[in-house]
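# Structural overview for review
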Amino acid sequence: MKTRATFFRKTKDSLMRAFSGFATSMALVLMAWVIFTIVREGHSSISAELFLNASKPFGEVGGGIANALLGTVMITAGAAALALPPALAAGIWLAEFGKDSLLARAARFTVNVMMGVPSVIVGLFAYGVLVTTTGHFSGFAGSFSLAILMFPVVVRTTEDQFSGIGDALRESLLALGASRARSTLTVIWRAARSGVVTGVLLAVARVSGETAPLLFTALFADTWPTSYFSGPTPSAPVLITSYTMDSPFESMHRIGWSAALTMAVILLAVNITARYFGAKRAAKRK
Amino acid sequence: MQKKKYKIETKRLNFFYGDHQALFDNDLSIEANKITAVIGPSGCGKSTHLRVYNRIFELHRGQRAEGEVFIDGKDILDPGIDLLDLRRRVGMIFQKPTPFPMSVFDNVAYPIRLHFKASQKEIAERVENALRGAALWDEVKDKLRESGQALSGGQQQRLCIARAIAAEPEILLMDEPTSAIDPVGTLKIEELMDRLRERFTIVIVTHNMQQASRISDTTAFFYKGSIVEVGPTKLIFTNPRNKQTEDYVSGRFG
Amino acid sequence: MRRILDTDTAFRWFCKAGAIVGLAVAIALVAVILMESMLALRTAGFSLVFSAEWNPADGSFGAAGALAGTAATTLLALLMAVPLAFAAALFVNAAPPNVAVPVAHALDLLAAIPSVIYGMWGLFVLCPLLQSVLSRFGIEYTGFGLAPSSLVLALMVLPYVSAVMRDVLAQTPVALVESAMGVGCTRWEATWDVVVRSRKAGLLGAIMIGLGRALGETMAVLFVCGGVSAIPTGLLDGCTTIAATLANDFAEADGVHKSALFALGGILLAFEFAIQATTIPLIGRRSKK
């Protein structure tokens, strides 16, 4: 029987290798392009006033983004305050107590499904729960929606980190006579801590850039975020949206780009730091 | 005395995992249509040595071989060699059975389609021959369309042997082929090897000394990356020249 | 002795309460969306899905255009992103660590950039670019619609799909790759014929994750889709998606209009649920990056 020439097979192999290199560089080039654009368009308007002044009403020239940045910090911090206690508790419960019980499996499934719920839908829900009932938009409603987005991510990391700890440690603690609560909260927490912190940081960074749910809840205001519980609260992502997509004015576009640059720098910094420490810890474990 | 014709001749083979040297100046000549057993304690380099013959080690970063390995008089460590053709001519069976995620038929047909221009009918004939050659045909002829991964461990390993011989190799490398197989499956594979000897040159790495003494014609004893002793299997197991070999085959260490 | 037992029980119940909160929120989410959509479901009924006439001013709420736009942008985005993501995953898995690690990190960071920024980039860079390129060929184009929407979505989805594929491929048993190469495969043949087949479920899961993200993405699409509620018929047509319609219309909506938006959200939620429910068994337990 005749053998096939290997030339074409080898050529195909080389072509596929070249394509995978090309695909990777294309992804990296696009990413560089996006970042380059933000830097190019955003850096010129960066100034002290930008970070000290509140934004001005639509159409007025000048103004800063300080109120929006502060609002983002408040809304995100509020989200963390709402989401972290139940999320950490749920993660610990799944890993330490729930294991494979019916409730645990149901909760795990729900958490997995919640991970895929689009942020607009969460915005709709938060509107239905907090805006319709109270009759006004608020920063708090924004926090509520971001908290729902954070919740499943934190539950998942916490469970992964806690169940990654060997049963040997658990058993030796209980053998020493420590209570379950005590051993979990002290020794096991210390072992899982850095992994959980990395996961939480990434989750916080992720939701702080969310825009869609805030359009349904916190809305925007050209004032300082003084009415977090009772009225529209500014945020950086919504400022970016209304200053670029909704505005024909070049001067507003500039401010929008600066806000985008600021957000990108902060988020990339948080991501890199969190991943760096996460990786260092993983290397130490090995 | 007439000079023997060898199928594989290894000369001064050295092997490195990064900075760590694993093989030291291996010289080994392997006769055609014989079974050569490679034995030695774990970590002695016997698998490493085997993995040079089809250059499969090149898959892994940092692994490198130096020296010469002649197959039919051609140095296969020469960078100009056609690797795909080399691996067709030198089949390999691994420790764990690795059926491909496809049907029993396609597992065996895969290397045929890869290397030969064949009609559907020719492929079907060849698959049947290979499965018969691997003593598996009677057990699988009614489930050729079922997944190869659904067979038993011993059957999977024979499927891998069928897959290897379907490519019409000249040499079969077996890296502890029965260490993950139950005793009944092992027996079948050993019987099969005895028949395969007529058509192929077989090199088998094994840590099972009974197996080596039962099936092989020649045995090479490896220790710490060096070949300590090579000779007819009977001699190695009854009257080794080297003290280390004697200790190992008599079970005093290893 | 009793006291230890009491704190222990309290701690256990506190933790359990966390899990129950999660379940309750999820149920409430479905309930609220459903309740708020009732009005639209009663008045508009099936025309919500089958009519493409979306005109809130005279009370017609046919979202077939948004549904078609969602399907079209998502499919086109995946068509572009999946092969690239797969190829990039292969590259990272085959490259030496000193190249692979930084590249993998860079791709992960691509996923950390908020979607508004992708939207802005699309609006100010991609749309004008498409417009000027096409005008060179004598084609007049607004710059908005299906083409830029799916391009931006593809760029956003790529790092997610690629990261999951990378993990899935890295779990391939070495012995399987070696035996494929052992019968004389090229690297590509071993990958395509053997590795991909054996990792089929996981790779499909990766695509599903991309599908889920693309379906629900709001801001990036909102910036570049053009907000046209008709069914798009060509790549250069303006379009909209369910998510973009929600974000765009909600501020001015009330009554049936608002309820119709909730109903659209419910449809999107149902799709996402179906996707998640099929994805979970495919890729098992893994953390999303």
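In this text, all values refer to a predicted model and were calculated from it rather than measured experimentally. (Residues numbered from 1 in each chain as written. Chains lettered and ligands numbered in written order. Predicted model: local features only at pLDDT ≥ 70, side-chain atom pairs only at ≥ 80, totals over all residues.)

### Observations concerning the overall build of chain C
As a reminder, the rule being used: Think of it this way: any DSSP run of H or I at least four residues long counts as a helix, any run of E at least two long counts as a strand, and we number them from the N terminus. With C-beta atoms placed from the backbone, the exposure class of a residue follows from how many other C-beta atoms lie within 10 Å of its own: 20 or more, buried; 12 or fewer, exposed; in between, partly exposed. Two residues form a contact once the distance between their C-beta atoms, set from the backbone, is within 7 Å.
A count of helical and extended segments in chain C gives twelve helices and two strands. Reading the secondary structure of chain C in the N-to-C direction produces α-α-β-β-α-α-α-α-α-α-α-α-α-α. The principal-axis extents of the C-alpha atoms in chain C amount to approximately 80 × 70 × 30 Å. Residues counted as buried form 53% of the 289 residues belonging to chain C. Considering only contacts within chain C whose residues lie at least 6 apart along the sequence, 74% involve residues at least 24 apart.

### Re the packing of helix H6 (residues 146-170) of chain C against helix H9 (residues 200-216) of chain C
Residues and elements named next belong to chain C. Operational definition: Fitted lines through C-alpha atoms give the axes, limited to the stretch in contact for helices. The angle between two N-to-C directions lies from 0 to 180 degrees. When describing relative orientation, an angle under 35 degrees is termed roughly parallel and one over 145 degrees roughly antiparallel, while 65 to 115 degrees is termed roughly perpendicular and anything else oblique. In a left-handed crossing the near helix is turned counterclockwise from the far helix by less than a right angle, and in a right-handed crossing that turn is clockwise. Put simply, Ala, Val, Leu, Ile, Met, Phe, Trp, Tyr, Cys and Pro go in the nonpolar bin, Asp, Glu, Lys and Arg in the charged bin, and everything else, Gly too, in the polar bin.
In the contact formed by H6 and H9, the axes pass within 9 Å of each other and the chain directions differ by 155°. Judged by the angle between their axes, H6 and H9 are roughly antiparallel. The hand of the H6/H9 crossing is right-handed. Here Leu 153, Val 157, Tyr 160, Val 161, Val 164, Met 165 and Val 168 of H6 come into contact with H9, specifically with Gly 202, Leu 203, Gly 205, Ala 206, Ile 207, Ile 209, Gly 210, Arg 213 and Ala 214. Grouping the constituent residues of the contact of H6 with H9 by class yields twelve nonpolar, three polar and one charged.

### Observations regarding the environment of Ala 166 of chain B
All names here are of chain B. Considering the arrangement of structural elements, one finds Ala 166 in helix H6 (residues 153-166). For Ala 166, a count of 28 C-beta atoms within 10 Å corresponds to the buried category. As for Ala 166 and Ala 180, which are separated by 14 residues in sequence, their C-alpha atoms are 23 Å apart. Not counting residues within four places of it along the chain, the set of residues in contact with Ala 166 comprises Val 108, Pro 111, Ile 112, Arg 126, Val 127 and Ala 130.

### A look at the sheet that holds strand S7 (residues 171-175) of chain B
Residues and elements named next belong to chain B. Put simply, the rule reads: Strand pairing requires that DSSP identify at least two bridges connecting the strands.
Reading across the sheet, the six strands line up as S6-S7-S8-S3-S9-S10 and stay open at both edges, with mixed pairing between neighbours. The outermost strands of the open sheet, each flanked by one partner alone, are strand S6 (90-93) and strand S10 (226-232). This sheet shows a mean twist of 15° between the axes of neighbouring strands, independent of strand direction. Bridge analysis of S6 against S7 gives four bridges, and the strand direction is parallel. Paired with Met 92 across the two strands is Leu 173, which belongs to S7. The strands touched by H6 within the sheet are S6 and S7, with S6 carrying the most contacts at an inclination of about 170°.

### Focus: the interface of chain A and chain B
Across the contact, six residues belong to chain A and eight residues belong to chain B. Split into classes, the residues belonging to the side of chain A that touches chain B amount to one nonpolar, two polar and three charged.

### Focus on the interface of chain C and chain A
Each partner contributes to the interface: chain C provides 69 residues, whereas chain A provides 74 residues. Sort the elements by how many residues they give to the side of chain C that touches chain A and helix H1 (residues 2-43) of chain C lands first, with 20 residues. Among the residues forming the side of chain C that touches chain A, the class breakdown is 49 nonpolar, twelve polar and eight charged.

### Concerning helix H5 (residues 115-136) of chain C
All names here are of chain C. We apply this condition: The span expected for a helix works out to 1.5 Å for each residue beyond the first. We define the bend at each residue as the angle formed by axes fitted to the 7 residues ending at it and the 7 residues starting at it.
With 22 residues, H5 should reach 32 Å at 1.5 Å per residue; the first-to-last C-alpha distance of 30 Å fits that figure. Approximately 40° is the largest bend angle found in H5, and it occurs at Gly 122. All buried positions along H5 are accounted for by Ser 115, Val 116, Ile 117, Tyr 118, Gly 119, Met 120, Trp 121, Gly 122, Leu 123, Leu 126, Cys 127 and Leu 130. Looking one or two places after H5, you find Gly 138, whose phi comes out positive at around 75°.

### Brief notes about the domain arrangement of chain A
Residue and element names in this part refer to chain A. Rules: Bear in mind that the domain bounds are from an automatic or database domain assignment.
Domain boundaries assigned for chain A yield domain 1 (16-45) and domain 2 (48-285). Its C-alpha centre places domain 1 at a distance of 27 Å from the equivalent point of domain 2. Contacts between domain 1 and domain 2 engage seven residues on the former and eight residues on the latter. When grouped by side-chain class, the residues that make up the side of domain 1 that touches domain 2 number two nonpolar, four polar and one charged.

### Description of the nonpolar core
The test is simple: To define a nonpolar core, we join buried Ala, Val, Leu, Ile, Met, Phe, Trp, Tyr and Cys residues through C-beta atoms within 7 Å and take the resulting set.
The biggest cluster of nonpolar side chains holds 248 residues, and the ones touching the most others in it are Met 150 of chain A together with Val 161 of chain C. The element best represented in this core is H6 of chain C, accounting for 17 residues. Apart from residues lying up to four places away in sequence, Val 161 of chain C is in contact with Ala 81, Val 82, Ala 85, Ala 206, Ile 207, Ile 209 and Gly 210 of chain C.

### A short note on the pairing of strand S3 (residues 35-39) of chain B
Residue and element names in this part refer to chain B. The element S3 is extensively covered by neighbouring structure, given that five of its five residues are classed as buried. Burial of S3 is two-sided: the residues Ile 35, Ala 37 and Ile 39 facing one way and the residues Thr 36 and Val 38 facing the other way are all buried. Both S3 and strand S8 (residues 201-205) contribute to a ladder of four bridges, which runs parallel. Looking at S8, one finds that Val 38 is bridged to Val 205. Alignment of S3 against strand S9 (residues 218-223), held across four bridges, turns out to be parallel.

### A word on the sheet that holds strand S5 (residues 74-75) of chain B
The sheet built from four strands is open, its strands ordered S2-S1-S4-S5 (chain B) with antiparallel pairing. Each of the sheet's edge strands pairs with one partner strand only, and the pair in question is strand S2 (20-31) and S5 of chain B.

### Quick look at helix H4 (residues 102-115) of chain A
Residues and elements named next belong to chain A. Stated precisely, the cut-off is as follows: For this quantity, the arc is that covered by the directions from the helix axis to the C-beta atoms.
Here H4 contains 14 residues, and its C-alpha end-to-end distance of 20 Å stays within 8% of the 20 Å for a straight helix at 1.5 Å per residue. The complete set of buried residues in H4 reads Ala 107, Arg 108, Thr 110, Val 111, Met 114 and Met 115. Take H4 and look down its axis: the buried residues cluster within an arc of 165°, on one side only.

### Re the packing of H9 of chain C against helix H12 (residues 255-283) of chain C
Residues and elements named next belong to chain C. Orientation of H9 relative to H12, taken along the N-to-C sense of each, is 160°, at an axis distance of 9 Å. Our classification of the angle between H9 and H12 gives roughly antiparallel. Read as a crossing pair, H9 and H12 show a hand that is left-handed. On the side of H9, the interface is formed by Ala 201, Gly 202, Leu 204, Gly 205, Met 208, Ile 209, Leu 211, Gly 212, Leu 215 and Gly 216, while H12 contributes Leu 268, Phe 271, Glu 272, Ile 275, Gln 276, Thr 278, Thr 279, Leu 282 and Ile 283. Of the residues assigned to the contact of H9 with H12, the class counts are eleven nonpolar, seven polar and one charged.

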